[in-house]
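Now for the letters of each chain:
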2 protein chains.
Amino acid sequence: MKITLPALKIALSTNIKRLRKEQGISQEKLALKADIDRSYMSEVERCLANPSIEALLKIGNALEVTPCELLQLGKKRS
Amino acid sequence: MKITLPALKIALSTNIKRLRKEQGISQEKLALKADIDRSYMSEVERCLANPSIEALLKIGNALEVTPCELLQLGKKRS
DNA sequence: ATGTGACTTCTAGTCCGTA
DNA sequence: TTACGGACTAGAAGTCACA
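Residues numbered from 1 in each chain as written. Chains lettered and ligands numbered in written order. Predicted model: local features only at pLDDT ≥ 70, side-chain atom pairs only at ≥ 80, totals over all residues. Heavy atoms only, no water.

Draft legend 1. Representation of the overall build of chain A within the structure. Scanning chain A from N- to C-terminus turns up five helices and zero strands. Listed N to C, the secondary structure of chain A is α-α-α-α-α in terms of helices and strands. Taking 2.2 N^0.38 as the reference for a compact globule, 78 residues should give roughly 12 Å; the C-alpha atoms of chain A span a radius of gyration of 12 Å, in line with that estimate. Its C-alpha atoms give chain A principal-axis dimensions of about 35 × 20 × 20 Å. Expressed as a percentage of its 78 residues, the buried residues of chain A come to 47%. Taking contacts inside chain A between residues at least 6 apart in sequence as the whole, the part at least 24 apart equals 61%. Total accessible area on chain A stands at roughly 4500 Å², and carbon and sulfur atoms take up 51% of it. Charged side chains in chain A number 14 positive and 9 negative. The centres of these two groups are separated by 9 Å. (Helix = DSSP H or I, 4+ residues; strand = E, 2+ residues; numbered from the N terminus. Rg over C-alpha atoms; globule rule 2.2 N^0.38 Å. Buried < 20%, exposed > 50% of the residue type's maximum accessible area, 1.4 Å probe, protein only. Contact = heavy atoms within 4.5 Å. Areas by Shrake-Rupley, 256 points an atom, 1.4 Å probe, with all protein chains shown as cover. Lys, Arg positive; Asp, Glu negative; His and termini not counted. Charge placed at Lys NZ, Arg CZ, Asp CG, Glu CD.)

Draft legend 2. Geometry of the state of the cysteines. Taken as a whole, this structure holds one disulfide over all chains when the rule is applied. Disulfide pairing places Cys68 of chain A opposite Cys68 of chain B at an S-S distance of 2.4 Å. Taken together, the residues Cys68 of chain A in helix 5 (residues 67–71) and Cys68 of chain B in helix 5 (residues 67–71) connect one chain to another. For the pair Cys68 of chain A and Cys68 of chain B, one class covers both residues: buried. (Disulfide = S-S within 2.5 Å.)

Draft legend 3. Just the protein's contact with DNA strand C, in detail. The full set close to DNA strand C counts 18 residues, and Tyr40 and Ser52 of chain A together with Gln27, Arg38 and Arg46 of chain B are the nearest of them. Expressed as a percentage, the sugar and phosphate content of the atoms of DNA strand C within 4 Å of the protein is 60%. Take Asn50 of chain A: an N or O atom from its side chain is 3.2 Å from a phosphate oxygen of DNA strand C. Note that a phosphate oxygen of DNA strand C is positioned 2.8 Å from one of the side-chain N or O atoms of Ser42 of chain B. Contributions of two or more residues to the surface near DNA strand C are made by helix 3 (38–45) of chain A together with helix 2 (27–34) and helix 3 (38–45) of chain B. Of the residues in the surface near DNA strand C, the class split is four nonpolar, seven polar and seven charged. (Near = heavy atom within 4 Å. Polar contact = N/O pair within 3.5 Å; in protein donor to acceptor, adjacent residues only side chain to side chain. Nonpolar A, V, L, I, M, F, W, Y, C, P; charged D, E, K, R; others polar.)

Draft legend 4. The interface of chain B and chain A, seen in detail. Facing 20 residues of chain B, the contacting portion of chain A comprises 20 residues. Of the roughly 1900 Å² buried at the junction of chain B and chain A (both faces included), carbon and sulfur atoms supply 75%. Counting every contact that joins chain B to chain A gives eight residue pairs in polar contact (both at pLDDT 80 or more). Counting residues per element, the ones that place at least two in the side of chain B that touches chain A are helix 1 (5–22), helix 4 (53–63) and helix 5 of chain B. For the side of chain B that touches chain A, the element with the highest residue contribution is helix 4 of chain B, accounting for five residues. Here the residues of the side of chain B that touches chain A sort into eleven nonpolar, six polar and three charged. (Buried area = accessible area lost by both parts, 1.4 Å probe.)

Draft legend 5. Local environment of unusual backbone geometry. The phi angle at Glu64 of chain A is positive, at roughly 60 degrees, despite the residue not being glycine. By the secondary structure assignment, Glu64 of chain A is in the loop between helix 4 (53–63) and helix 5. Although it is not a glycine, Cys47 of chain B adopts a positive phi angle of roughly 65 degrees. Looking at where Cys47 of chain B falls in the secondary structure, it is placed in the loop between helix 3 and helix 4. Using a relative accessible area of 24% as the deciding quantity, one classes Cys47 of chain B as partly exposed.

Next comes the structure, spelled out in structure tokens:
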């Protein structure tokens, strides 16, 4: 079944928030580490942005996960 | 270790080409199915584009895989 | 069937501020 | 510390033509 864009954005947002909090860092610190703007990071977490794979990669590297993991949806069985 | 943007693009390109050929469809047909431009699809496969997660989603849906699978790097062990 | 160039439009992404 | 706004610039994405 097809995934929707909102669902994907929510998955991304959830994953970022979870990983960020696990590492105990603020949105701003993460943005700094990922070398992207803090207001844009905020938009990503609020599901307002539509980031490129480059942005995804930067965030992933800052959180030490693959871009793929950032997009992982809440697990489902086939 | 950090992933580089070129590496990610190559992974994406490779995955798209592989899946597309498995399904025996042309770049053009895939572009049509994904509702994106044929020339843009060509750029993605040649690692020239930096697609958004929306574009990723469209291509993934057309190929019936998750966006996550499209970004999967050539398997490596931890 | 695909690559590529030239061009346009729109949005990704930055930078600044305020609450 | 985060949400949210406006104004701006860089680059994603669409269209068309041609090799």
